[in-house]
Amino acid sequence: MIDRAARDQVISAFEAYLDDQITAFEFDDRLQEIDSEDRTVIEVVRAAWFHYDDCKDHKVHLTKPEWDYFQRLLLILGTDAELSSSHSSRWSWDHLIAWLALVAFV
């Protein structure tokens, strides 16, 4: 499901933050106010959280790769594309041995 209004809100927050119009606290507040069922909006807001400090207020401070990443997120939000995510885990005998060692230690 694509929620164009929510995507536009996220785009507005990103652009204001990247243009040094708002600080990290304001950016965080704007993103947290957005309520949407759009998985892309949810994933983009979650991904952005790792790239600013929500304990110390500051203007935008991103490395070149982070800046490029934000630009790609903006491109995705500007389209009707949807993000998909998957989770997989691989278990091996090493995990079993580590688990048994932990149980033996406890």
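Right, let's walk through the structure included here. Everything numeric in this text was worked out from a predicted model, so none of it was measured. (Residues numbered from 1 in each chain as written. Predicted model: local features only at pLDDT ≥ 70, side-chain atom pairs only at ≥ 80, totals over all residues. Heavy atoms only, no water.)

1. Some words on the overall build of the protein
Okay, step 1: If you tally the helices and strands in the protein, you get five helices and zero strands.
Okay, step 2: Whereas a compact globule of 106 residues would reach a radius of gyration of roughly 13 Å, the protein reaches 19 Å, over 25% beyond that.
Okay, step 3: For the protein, the spread of C-alpha atoms along the three principal axes comes to 55 × 35 × 25 Å.
Okay, step 4: If you take every contact in the protein between residues at least 6 apart in sequence, the share linking residues at least 24 apart comes to 71%.
Okay, step 5: Element-wise, carbon and sulfur atoms account for 56% of the exposed surface of the protein, whose accessible area totals about 7,600 Å². (Helix = DSSP H or I, 4+ residues; strand = E, 2+ residues; numbered from the N terminus. Rg over C-alpha atoms; globule rule 2.2 N^0.38 Å. Contact = heavy atoms within 4.5 Å. Areas by Shrake-Rupley, 256 points an atom, 1.4 Å probe, with all protein chains shown as cover.)

2. What to know about the nonpolar core
Okay, step 1: Judged by nonpolar contacts, the single largest core of 24 residues is most densely connected at Val10, Phe14, Tyr17, Phe27, Leu31 and Phe70.
Okay, step 2: Every element with two or more residues in this core is listed here: α1 (4-18), α2 (24-33), α3 (39-48) and α4 (64-77).
Okay, step 3: Apart from residues lying up to four places away in sequence, Leu31 is in contact with Val10, Ala13, Phe14, Val45, Ala48 and Tyr52. (Core = buried A, V, L, I, M, F, W, Y, C linked by side-chain atoms within 4.5 Å. Buried < 20%, exposed > 50% of the residue type's maximum accessible area, 1.4 Å probe, protein only.)

3. With respect to the side chain of Asp3
Okay, step 1: Looking at where Asp3 falls in the secondary structure, it is placed in the segment before α1.
Okay, step 2: Comment: no salt bridge for buried Asp3; closest opposite-charge side chain is Arg7, at 7.5 Å.
Okay, step 3: At a separation of 3.0 Å, a polar atom in the side chain of Asp3 contacts the side chain of Ser36.
Okay, step 4: Once residues lying within four places of it in the same chain are set aside, the contact partners of Asp3 are Asp35, Ser36 and Asp38. (Lys, Arg positive; Asp, Glu negative; His and termini not counted. Salt bridge = Lys/Arg side-chain N within 4 Å of Asp/Glu carboxyl O. Polar contact = N/O pair within 3.5 Å; in protein donor to acceptor, adjacent residues only side chain to side chain.)

4. What about α1?
One turn of the α-helix equals 3.6 residues, which is why residues spaced by three or four share an orientation.
Okay, step 1: Helix length check: α1, at 15 residues, gives a terminal C-alpha distance of 21 Å against a target of 21 Å (1.5 Å per residue), a fit within 8%.
Okay, step 2: All buried positions along α1 are accounted for by Ala6, Arg7, Val10, Ile11, Ala13, Phe14, Ala16, Tyr17 and Leu18.
Okay, step 3: Elements in contact with the buried residues of α1: α2, α3 and α4.
Okay, step 4: Looking one or two places after α1, you find Asp20, whose phi comes out positive at around 60 degrees. (Expected span 1.5 Å × (residues − 1).)

5. Some thoughts on a nonpolar patch on the surface
Okay, step 1: Residues Trp93, Leu96, Ile97, Trp99, Leu100 and Val103 make up a contiguous nonpolar surface patch of about 690 Å² in total accessible area.
Okay, step 2: Relative to the elements of secondary structure, Trp99 occurs in helix α5 (residues 93-105). (Patch = residues over 30% accessible without salt bridge, like charges linked within 9 Å, V, L, I, M, F, W, Y side chains within 5 Å.)

6. Describing the environment of Val44
Okay, step 1: Mapped onto the fold, Val44 is located in helix α3.
Okay, step 2: Since its relative accessible area comes to 0%, Val44 is described here as buried.
Okay, step 3: Sequence separation between Val44 and Tyr69 is 25 residues; the distance between their C-alpha atoms is 11 Å.

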